[in-house]
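Observations on the three-dimensional arrangement
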Number of protein chains: 2
Amino acid sequence: MRLAINKHASTPVYIQIKDALKEQILSGKLPAGFILPPERRFANINDVSRSTVIKAYDELKALGLVVSYRGKGTIVAEKSEPEKTHEESHVFPLSWHPLFEKKINDINDTVSDPMNTSHQHDVISFAAGIGDPSLFPLQQIEGMQKNLNQAERLNFTAVEGYYPLRERLSQWMSVRGISASPKDIMILSGSMQGIDFTARTFLSPGDAVIVEEPTFLQAIQCFKAAGAKIIGIPLDRHGLRTDILEAQLARYKPKFIYTIPTFHNPTGTVMSMERRLALLNLAYKFQVPILEDDPYGELYFSNDKPLALHALDRHGYVIYLSTFSKVLFPGMRVGWLIAPEPVLKKFAILKQITDLQANTPAQLVLNQFLREEGMEQHLHQLLPIYKGRRDMMLSVIEQGEGLIPVDIPQGGFYLWCRIPPSVSQKELFSLCRDKGVSYLPGNLFFPQQSEGEHFIRLNYTYVSQESIKKGIGLLLEAIAQLDQKSDNRNIKEESTPIV
Amino acid sequence: MRLAINKHASTPVYIQIKDALKEQILSGKLPAGFILPPERRFANINDVSRSTVIKAYDELKALGLVVSYRGKGTIVAEKSEPEKTHEESHVFPLSWHPLFEKKINDINDTVSDPMNTSHQHDVISFAAGIGDPSLFPLQQIEGMQKNLNQAERLNFTAVEGYYPLRERLSQWMSVRGISASPKDIMILSGSMQGIDFTARTFLSPGDAVIVEEPTFLQAIQCFKAAGAKIIGIPLDRHGLRTDILEAQLARYKPKFIYTIPTFHNPTGTVMSMERRLALLNLAYKFQVPILEDDPYGELYFSNDKPLALHALDRHGYVIYLSTFSKVLFPGMRVGWLIAPEPVLKKFAILKQITDLQANTPAQLVLNQFLREEGMEQHLHQLLPIYKGRRDMMLSVIEQGEGLIPVDIPQGGFYLWCRIPPSVSQKELFSLCRDKGVSYLPGNLFFPQQSEGEHFIRLNYTYVSQESIKKGIGLLLEAIAQLDQKSDNRNIKEESTPIV
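Everything quoted here is computed from the prediction, not taken from an experiment.

1. Re the overall build of chain A
Scanning chain A for helices and strands turns up 19 helices and 15 strands. The C-alpha radius of gyration of chain A comes to 29 Å, more than 25% above the 23 Å expected for a compact globule of 499 residues. Projected onto its principal axes, the C-alpha coordinates of chain A cover approximately 100 × 60 × 50 Å. Here chain A holds 499 residues, and the buried ones make up 61% of them.

2. A word on the state of the cysteines
Enumeration over the complete set of coordinates arrives at 0 disulfides over all chains. Between Cys222(A), a cysteine without a disulfide, and Cys222(B), which holds the nearest cysteine sulfur, the sulfur-to-sulfur distance is 16 Å. Judged by its relative accessible area of 1%, Cys222(A) is buried. Cysteine Cys432(A) is unpaired, with the sulfur of Cys417(A) as its nearest cysteine sulfur at 12 Å. Residue Cys432(A) is classed as buried on the basis of its relative accessible area, which comes to 0%.

3. Considerations on helix H16 (residues 374-399) of chain B
Between its first and last C-alpha, H16(B) extends 38 Å over 26 residues, near the 38 Å set by a 1.5 Å rise per residue. A positive phi of about 50° marks Glu401(B), the residue just after H16(B).

4. Quick notes on the relation of the copies chain B and chain A
Between chain B and chain A, the superposition needs a rotation of 180° and an axial shift of 0.2 Å, giving an RMSD of 0.3 Å. What the superposition gives is, in effect, a two-fold axis relating one chain to the other. No C-alpha of chain B lies nearer the rotation axis than that of Asn359(B), which sits 3.4 Å from it. Both copies contact each other with a shared surface, as 98% of the interface residues of chain B are interface residues in chain A too.

5. Looking at the domain arrangement of chain A
All names here are of chain A. Under the domain assignment, chain A is made up of domain 1 (13-76), domain 2 (105-131 + 376-490) and domain 3 (138-372). Between the C-alpha centres of domain 2 and domain 3 there is a distance of 26 Å. In this complex, domain 2 contributes 34 residues to the contact, which on the side of domain 3 involves 31 residues. Of the roughly 2,800 Å² buried where domain 2 meets domain 3, counting both sides, 65% is carbon and sulfur surface. For the pair domain 2 and domain 3, the interface holds 1 salt bridge. Asp407 is paired through a salt bridge with Arg237; the nearest N and O atoms lie 3.1 Å apart. Listed by contribution, the elements that provide at least two residues to the side of domain 2 that touches domain 3 are helix H16 (374-399) and strand S12 (414-418). Of the residues in the side of domain 2 that touches domain 3, the class split is 18 nonpolar, 9 polar and 7 charged.

6. Concerning the packing of aromatic side chains
One pass over the full model with this rule turns up 38 aromatic pairs over all chains. Aromatic rings pair up to connect Trp96(A), Phe100(A), Phe202(B), Phe223(B), Phe256(B) and Tyr258(B) into one cluster. When the ring centre of Tyr14(A) is taken as origin, the NZ or CZ atom of Lys55(A), which lies over that ring, is 4.2 Å away.

7. Examining the interface of chain B and chain A
Across the contact, 102 residues belong to chain B and 100 residues belong to chain A. With both sides pooled, the region where chain B packs onto chain A buries about 9,300 Å², and carbon together with sulfur makes up 56% of that total. Along the contact surface separating chain B from chain A lie 2 salt bridges. Between chain B and chain A we count 26 residue pairs in polar contact (both at pLDDT 80 or more) in total. Here the residues of the side of chain B that touches chain A are counted per class, giving 50 nonpolar, 30 polar and 22 charged.

8. Quick look at the side chain of Arg276(A)
Along the chain, Arg276(A) falls in helix H12 (residues 273-286). Buried charged residue Arg276(A) carries no salt bridge. Nearest counter-charge: Glu292(A), at 4.6 Å.

9. Focus on the sheet that holds strand S4 (residues 185-188) of chain B
Residues and elements named next belong to chain B. Ordered in space as S4-S11-S10-S9-S8-S5-S6-S7, the 8 strands form an open sheet in which the pairing is mixed. Two strands close off the open sheet at either side, each with one partner strand: S4 and strand S7 (239-240). As paired elements, strand S5 (residues 208-213) and strand S8 (residues 257-259) share 2 bridges and run parallel to each other. Residue pairing across strands places Val211 opposite Tyr258, the latter belonging to S8. Where helix H8 (residues 163-172) meets the sheet, it contacts S4 and strand S11 (335-338), and its direction lies at approximately 115° from that of S4.

10. Here's the deal with the packing of helix H11 (residues 242-252) of chain B against helix H12 (residues 273-286) of chain B
Residues and elements named next belong to chain B. Between H11 and H12, the shortest axis-to-axis distance is 10 Å and the interhelical angle comes to 10°. It follows from the interaxial angle that H11 and H12 lie roughly parallel. Counting all contacts with H11, which are made through Thr242, Leu245, Glu246, Leu249 and Ala250, the residues of H12 involved are Arg275, Ala278, Leu279, Leu282, Lys285 and Phe286. Partitioning the contact of H11 with H12 into residue classes produces 7 nonpolar, 1 polar and 3 charged.

11. Focus on the sheet that holds strand S6 (residues 229-236) of chain A
Residues and elements named next belong to chain A. With mixed pairing, 8 strands are arranged side by side in an open sheet as S4-S11-S10-S9-S8-S5-S6-S7. Strand pairing shows two members of the sheet lacking a second neighbour, strand S4 (185-188) and strand S7 (239-240), which therefore form its edges. Note: strand S5 (residues 208-213) against strand S8 (residues 256-259), 3 bridges, orientation parallel. Paired with Ile210 across the strands is Ile257, a residue of S8.

12. Notes on the nonpolar core
Counting residues in hydrophobic clusters, the biggest one holds 314 residues, and the most contacted among them are Phe223(A), Leu458(A), Phe223(B) and Leu458(B). In this view, Leu458(A) contacts Phe126(A), Met393(A), Ile397(A), Phe413(A), Tyr414(A), Leu415(A), Cys417(A), Tyr439(A), Ile472(A) and Leu475(A); residues no more than four positions away in its chain are not counted.

Rules used throughout
- Residues numbered from 1 in each chain as written.
- Chains lettered and ligands numbered in written order.
- Predicted model: local features only at pLDDT ≥ 70, side-chain atom pairs only at ≥ 80, totals over all residues.
- Heavy atoms only, no water.
- Helix = DSSP H or I, 4+ residues; strand = E, 2+ residues; numbered from the N terminus.
- Rg over C-alpha atoms; globule rule 2.2 N^0.38 Å.
- Buried < 20%, exposed > 50% of the residue type's maximum accessible area, 1.4 Å probe, protein only.
- Disulfide = S-S within 2.5 Å.
- Expected span 1.5 Å × (residues − 1).
- Least-squares fit on C-alpha atoms with pLDDT ≥ 70 in both.
- Contact = heavy atoms within 4.5 Å.
- Domains from an automatic or database assignment.
- Buried area = accessible area lost by both parts, 1.4 Å probe.
- Salt bridge = Lys/Arg side-chain N within 4 Å of Asp/Glu carboxyl O.
- Nonpolar A, V, L, I, M, F, W, Y, C, P; charged D, E, K, R; others polar.
- Phe/Tyr/Trp six-rings, centres within 6.5 Å; stacked < 30°, edge-to-face > 60°.
- Lys NZ or Arg CZ within 6 Å of the ring centre and 35° of its normal.
- Polar contact = N/O pair within 3.5 Å; in protein donor to acceptor, adjacent residues only side chain to side chain.
- Lys, Arg positive; Asp, Glu negative; His and termini not counted.
- Pairing = 2+ DSSP bridges.
- Axes fitted to C-alpha atoms, helices over the stretch in contact; angles between N-to-C directions.
- Parallel < 35°, antiparallel > 145°, perpendicular 65-115°, else oblique.
- Core = buried A, V, L, I, M, F, W, Y, C linked by side-chain atoms within 4.5 Å.

Next comes the structure, spelled out in structure tokens:
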């Protein structure tokens, strides 16, 4: 009995033997009662060690496929499939969907498709939500990894996170005007987890939650998964329209307000100081907590460093979220949260029953990075590069002579562009894919995806200036192409306001 | 204006200056209109660089605490606390608890207290749920880290996990008798996350879920957080009592059955082959999925390597969970899941709205570890040590002459001991704390914590044989002490069955 064994394969030889024999037994090639060769002989025939054969036979025994009798050797078992009992002929395949919880069953994956397109190698991606990995301080981080405390780096940290990192963040947050003690800070596996914890802690099905419209698409998904009613409040150039907010607060009594006040995703807007104060006052008046999502706060290109909303809140209404994923390696999955004690206590329970704690080595190395002032240095190098890319993107768009109007963001990752009303989002996306360019369609950022049809989000941090130049050129080309197709209709539309 | 500046503190000097000035402005020591010294003079007085002072002043400007006028210098702003507007005098502190979702509000943190006790340095901990960190292959892992692909290690992986790791796990799982393609496998941030995803995907409030009784305590918390009705089915030495299960399946129509068939937590039981087949047949008959939690499957001390329940399931009813956290560094937080496609799709959405993906460097290094057959070697060294510790614990317990009866587990991490009925769980726990020993009280493992009063769970993998000897000695001493206190009552109780 000679089998085809590959000693250089990554699958261990004994498993190869087991699998081959298993297949022959299950297929009936080796019938019940067949006596396998004694281990030593089998080993000689196949040029493997006897212990390897013993291991393989043991595996088969554990599977109930063979039995061994003293003096008789190893024999293919009578019932080679013990689980195929009489009753099993009636087994129905399980239909999973009726078993799913209603809210989860209703959610569809709207994100993966455009994301997958953008991860193809030959595509210039403006769809990303991350920085340029080639600009991350890999060498520095690796150097630090060597100096980590050996005992600590392997073990559990507290559920709330590694305490020295929480201390460091408490100092670092003063840059954003925030005073928070380490005990107010919890380390998360990315700041998205803070959105999820807030949703789970506050939202029952049917509860209302207020968001900016448009807003971060995964936040929409997350609030949907909680069964919430999502109330969108429009933005203008000064941020959330607090005048509209007041009426909605009275009507919907939301559980909380979700906002990205600084370098908003997707629009790049910074909420003005007046609006921030108005928002806080409305929160106080209606006693509604605010979830401030601040992943981009450090990414500013002008000298006006924006203050966090949390820094203005003297009454503990704001839950604050931020992350390392936008300026450092997103694959590390480390974010943090600042919240009042009753909220942190509930979140600690959720942390215990979800992932227990953020990855320990990542927490230790980020602590080191902050301690050695790596963050300041890194931002100092990074920001001019991202500013240059933003400027490049804006200048190419300008060559389009108003084809896609856009506001100039003073920081963050994105341009939010209006496309001509005659251009169909779907057609543009697939034409761009053919040309090798990707971006995110505007509708993804609206709770009702029927809106946002005439917007697209362009990321300018992920690819080089050269690729930006080429990619935006292709995008403009695609838009012009689709726009011309409907030139007649377009001219009529444009002339209306003049008449 | 000379400030107390510590140039050797970890807080940057400019932040120290900013904080000091901020405090003086907010406290009114520096009134509105006060002109701060010119930057150069301030720098000279405090022996710092001028650029440091500029940075500090800029910070204060960003906070709106000072303004600078050309030719006039930097002046404390009129309204140093812009947010203290008229309306704010009416602000009420937010009462958070009424805002919390009911299910979450009802959950209390029963775990942290005993866990915290056991993390004190002078305590011998039998409360742990992890292996001995000093036995983990740190050197080897560090060596591998150096060889990782630079580009990959920083970036995002797919939501479902790093594909090469999924391939590797697909091979590794054949050791447990499981055939799964890489596409059936999803990488999780610890296997707990799989329990949480299953709860969120299947359970609406009021839905029933079946668990073994006792069972993994965080699973109980997790199902409670989903608002589920938790139906406990007792165990005996052969595992889950499938005879009792059948009636409960008919009565409660549970959404799924949660089981730890192999080296059960907390009892150490291995479900017999007959029971496994009976369980599967009941699942098929009632069309109920099974969530198989298998963190300990590789940790067996005898030659009878247990087969996973998933390996016996020919009809795709079993969702399988396992983890690296019991044999390798738990702080890495990497587990995995094998499930049918419709389930994986929903879980991928949940992954996107919670933490997006497991930590990338951890996934890469574990892939390398499996590829170089590090796992086999590591287990080969580890298991005899844990077996030795189990034996040591058993032998000390034996010296107690039946004071705490216990079954001998053939693998896993725990002994499940019965304590005399006269001994109060609470008193024992606090007496042991005084003596410097910790463990987990049995009630934590029951959905109704009134049960389990006469059991304790002892972990034998976390501390050395020497500590086990000493710690179990102290534990027996404590039990004997409390048992004697109620000797009279005890004798009566014990004599009852004889009469």
